[in-house]
Amino acid sequence: MADLTTTFCGITSPNPFWLASAPPTDKEYNVRRAFEAGWGGVVWKTLGDDGPPVVNVNGPRYGAIWGADRRLLGLNNIELITDRPLQVNLDEMTRVKKDYPDRALIASVMVPCEEAAWKEILPRIAETGCDGFELNFGCPHGMAERGMGSAVGQVPEYIEMVTRWCKETTDLPVIVKLTPNVTNILGPAQAAKDGGADAVSLINTINSITSVNLDTMSPEPMIDGKGTHGGYCGPAVKPIALNMVAEIARNPTTHGMPISGIGGVTTWRDAAEFIALGAGNVQVCTAAMTYGFKIVEEMISGLSQWMDEQGHARVEDVVGRAVPNVTDWQYLNLNYVTKARISQDDCIKCGRCYAACEDTSHQAISMSEDRVFEVMDDECVACNLCVNVCPVEDCITMETLAPGALDERTGKTVEADPANWTVHPNNPSATAAE
Ligand SMILES: Cc1cc2nc3c(=O)[nH]c(=O)nc-3n(C[C@H](O)[C@H](O)[C@H](O)COP(=O)(O)O)c2cc1C
Ligand code: SF4
Ligand code: SF4
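Engineer: For the overall build of the chain, give the residues involved together with the corresponding values.
Structural biologist: Helix and strand content of the chain: 12 helices and 22 strands. Computed over C-alpha atoms, the radius of gyration of the chain comes to 25 Å, within 12% of the 22 Å expected from 2.2 N^0.38 for 434 residues, which places it in the range of a compact globule. Judged by the C-alpha coordinates and their principal axes, the chain covers about 70 × 55 × 45 Å. In the chain, which comprises 434 residues, the proportion classed as buried is 44%. Counting contacts in the chain only where the partners sit at least 6 residues apart, residues at least 24 apart contribute 70% of the total.

Engineer: Break down the site of ligand 1 for me, with residues and values.
Structural biologist: Looking at ligand 1, there are 27 residues lining it, with A20, T46, C233, C285 and T286 nearest. The set of elements that each furnish at least two residues to the shell around ligand 1 consists of strand 4 (41-47), strand 6 (72-77) and helix 9 (286-291). In the shell around ligand 1, the residues fall into 12 nonpolar, 12 polar and 3 charged.

Engineer: Tell me what's going on with the domain arrangement of the chain, and back it up with residues and numbers.
Structural biologist: Here the chain is partitioned into domain 1 (6-325) and domain 2 (329-423). One C-alpha centre belongs to domain 1, the other to domain 2; they are set 40 Å apart.

Engineer: Give a detailed account of the sheet that holds strand 11 (residues 206-208), specifying residues and quantitative values.
Structural biologist: Reading across the sheet, the 4 strands line up as 5-6-14-11 and stay open at both edges, with antiparallel pairing between neighbours. Strands at the two margins of the open sheet, each flanked by one partner only, are strand 5 (62-66) and strand 11. Each strand axis lies, on average, 35° off the axis of its neighbour in the sheet, ignoring direction. Direction of pairing for strand 11 relative to strand 14 (residues 230-233): antiparallel, over a ladder of 3 bridges. Counterpart to S208 in the pairing with strand 14 is G230.

Engineer: I'd like a description of unusual backbone geometry, backed by residues and values.
Structural biologist: In this structure, the amide linkage connecting L202 to the following residue, I203, adopts the cis form with an omega of 15°. Its location among the elements puts I203 in the loop between strand 10 (199-202) and strand 11. Of note, the amide linkage connecting E220 to P221 takes the cis form, showing an omega dihedral of 0°. Counting through the fold element by element, P221 comes out in the loop between strand 13 (218-220) and strand 14. A positive phi angle is found at M217, which is not glycine, with a value near 55°. Relative to the assigned elements, M217 resides in the loop between strand 12 (211-213) and strand 13.

Engineer: Break down the sheet that holds strand 4 for me, with residues and values.
Structural biologist: Strand order in the closed barrel formed by 8 strands is 3-4-7-8-9-10-15-16, with parallel pairing between adjacent strands. Averaged over all pairs of adjacent strands, the angle between their axes in this sheet comes to 25°, without regard to strand direction. As judged from the 2 bridges shared by strand 3 (residues 17-19) and strand 4, these two strands associate in the parallel manner. Bridge pairing in strand 4 links L19 to V42. Running at roughly 160° to strand 9 (residues 174-177), helix 5 (residues 156-169) makes contact with strand 8 (132-136) and strand 9 of the sheet.

Engineer: Give a detailed account of the site of ligand 3, specifying residues and quantitative values.
Structural biologist: Taken together, 13 residues surround ligand 3, and among them C347, C350, R352, C353 and C390 come closest. In terms of residue class, the shell around ligand 3 is built from 10 nonpolar, 1 polar and 2 charged.

Engineer: Which residues make up helix 6 (residues 186-194), and what values go with them?
Structural biologist: Because each turn of an α-helix spans 3.6 residues, side chains separated by three or four positions end up pointing in the same direction. Every buried residue of helix 6 is accounted for by P188, A189, Q190, A191, A192 and K193. Here the buried face of helix 6 lies against helix 4 (150-153), helix 5, strand 9, strand 10 and helix 7 (238-250). Just downstream of helix 6 lies G196, where phi reads positive at about 100°.

Engineer: Kindly report on the nonpolar core, identifying the contributing residues and their values.
Structural biologist: The biggest cluster of nonpolar side chains holds 95 residues, and the ones touching the most others in it are F133, V176, V200, V245 and A271. Top element by residues in this core is helix 7. It accounts for 7 residues. Aside from chain neighbours lying at most four places away, what touches A271 is P16, F17, V265, V282, M299 and L303. Formed by 16 residues, the second largest nonpolar core is a distinct cluster that contains I365, F373, V375 and I396.

Engineer: Account for the packing of helix 8 (residues 268-276) against helix 10 (residues 295-310), with residues named and values stated.
Structural biologist: Running from amino to carboxyl end, helix 8 crosses helix 10 at an angle of 60°, the nearest separation of the two axes being 8 Å. In terms of orientation, helix 8 and helix 10 fall into the oblique class. Read as a crossing pair, helix 8 and helix 10 show a hand that is right-handed. On helix 10, the residues that touch W268, R269, A271 and A272 of helix 8 are E298, M299, G302, L303 and W306. When the residues that make up the contact of helix 8 with helix 10 are grouped by side-chain class, the tally is 6 nonpolar, 1 polar and 2 charged.

Engineer: Which residues make up helix 3 (residues 115-126), and what values go with them?
Structural biologist: With 12 residues, helix 3 ought to run about 16 Å at 1.5 Å a step, and its terminal C-alpha atoms sit 17 Å apart, in line with that. Taken together, the buried positions of helix 3 are W118, I121, L122 and I125. The arc that holds the buried residues of helix 3, viewed along the axis, is 105°, so those residues lie on one side. Those residues of helix 3 that are exposed and aimed more than 90 degrees away from the buried face are A116 and P123.

Cut-offs used in this document
- Residues numbered from 1 in each chain as written.
- Chains lettered and ligands numbered in written order.
- Predicted model: local features only at pLDDT ≥ 70, side-chain atom pairs only at ≥ 80, totals over all residues.
- Helix = DSSP H or I, 4+ residues; strand = E, 2+ residues; numbered from the N terminus.
- Rg over C-alpha atoms; globule rule 2.2 N^0.38 Å.
- Buried ≥ 20, exposed ≤ 12 C-beta atoms within 10 Å, placed from the backbone.
- Contact = placed C-beta atoms within 7 Å.
- Near = placed C-beta within 6 Å.
- Nonpolar A, V, L, I, M, F, W, Y, C, P; charged D, E, K, R; others polar.
- Domains from an automatic or database assignment.
- Pairing = 2+ DSSP bridges.
- Axes fitted to C-alpha atoms, helices over the stretch in contact; angles between N-to-C directions.
- Core = buried A, V, L, I, M, F, W, Y, C linked by C-beta atoms within 7 Å.
- Parallel < 35°, antiparallel > 145°, perpendicular 65-115°, else oblique.
- Left-handed = near helix turned anticlockwise from the far one by under 90°.
- Expected span 1.5 Å × (residues − 1).
- Arc of directions from axis to C-beta.

Below is the structure:
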């Protein structure tokens, strides 16, 4: 049976599933139950400076978008960091770590961008016995306006500076949590590395307004007739997170840096995808908030079963496996030719593929009077749109044309050798293939 034990930047946990810093890790009561359910680690809800506790709104703090079946796809929040006194959190963390020594307990921290503030708080938190720190440079709302969170995470120089202060102060691993609210994730990731970070975690939430109440003309969640931008997370953000993780994993200068993958992880498969793209473990928030702590059971059993089937003994064996296959557009093989194929046995004759291809793609699907839908190979550019709009899974598939076959659309024979844009005759600066 696969061994799910992971050692992430020196921190060992029985499985790669950590709860992200958020309401699920807000207090001892939650974290104990999370550990009982099987979570490998937690990043405690972000701690702030000692002093008057943070004040949250007293109205709704969440907005959401849903699929047609009311399944939660995206969650937006305007919550701040912990609103409980620092010492209460520290006492609880100490007790929890003592009772669960085999689980990872990470302290998430956000204090003002001043050397003394960081250097004072880290040793105090370390006394809890926590296994490491996560620097929260991510929150896009509330704290950013006070010069913290994403206000730091959007400026690589600040990231490097604060990370260096922390590394000068503690021997524990320092994970830098990155904000996705930047145009290029590589700058902040490189800055974390330059500052001496042991790892990066990403993504924090995406700045967003999820909806507008058209009766009150206010963004939602609405507080007494007004709304504000919040942080977006959940399944909808996974593609953005995967891309950012992959960018860091495949960039020559940040490659090899441990990455904790966060953003929409809901199933073992989501986790496996993050790990394949270079994450050493994953963190989960929205899925736990939607389905409860026990979803980790499916994650553990699913990942373990898949690893057994694939012959992967340890999580490390999967880390980064897909990274060599992430490339830039110009290196994609232009001699790879596919065509859409419709299974008449599975087709329910809804006509979505026809409407999509006829109106917005390449007019490559015919519809007979008795609603039989067929692909015309001489028009099909293999865009895959019909596959994506068809409501029946695997009813439309893409078939690869073998070398030597005729592509009826171009009139050319499919070549066996790959050739990409860098060597294409239409490319004025064609050089050599990758
Ligand atoms: C209500 C809520 C509060 C959060 N609070 C924090 C926080 O205090 N510190 C932090 O680093 N991230 C915080 N996050 C962000 C999560 O840790 C995580 O990065 C984000 O939700 C993406 O993961 P997910 O798609 O699994 O939810 C919060 C998220 C939510 C939904
Ligand atoms: S793959 Fe694209 S072009 Fe081909 S039939 Fe489907 S929608 Fe039309
Ligand atoms: S979208 Fe799928 S089910 Fe609907 S007509 Fe096309 S092939 Fe058939």
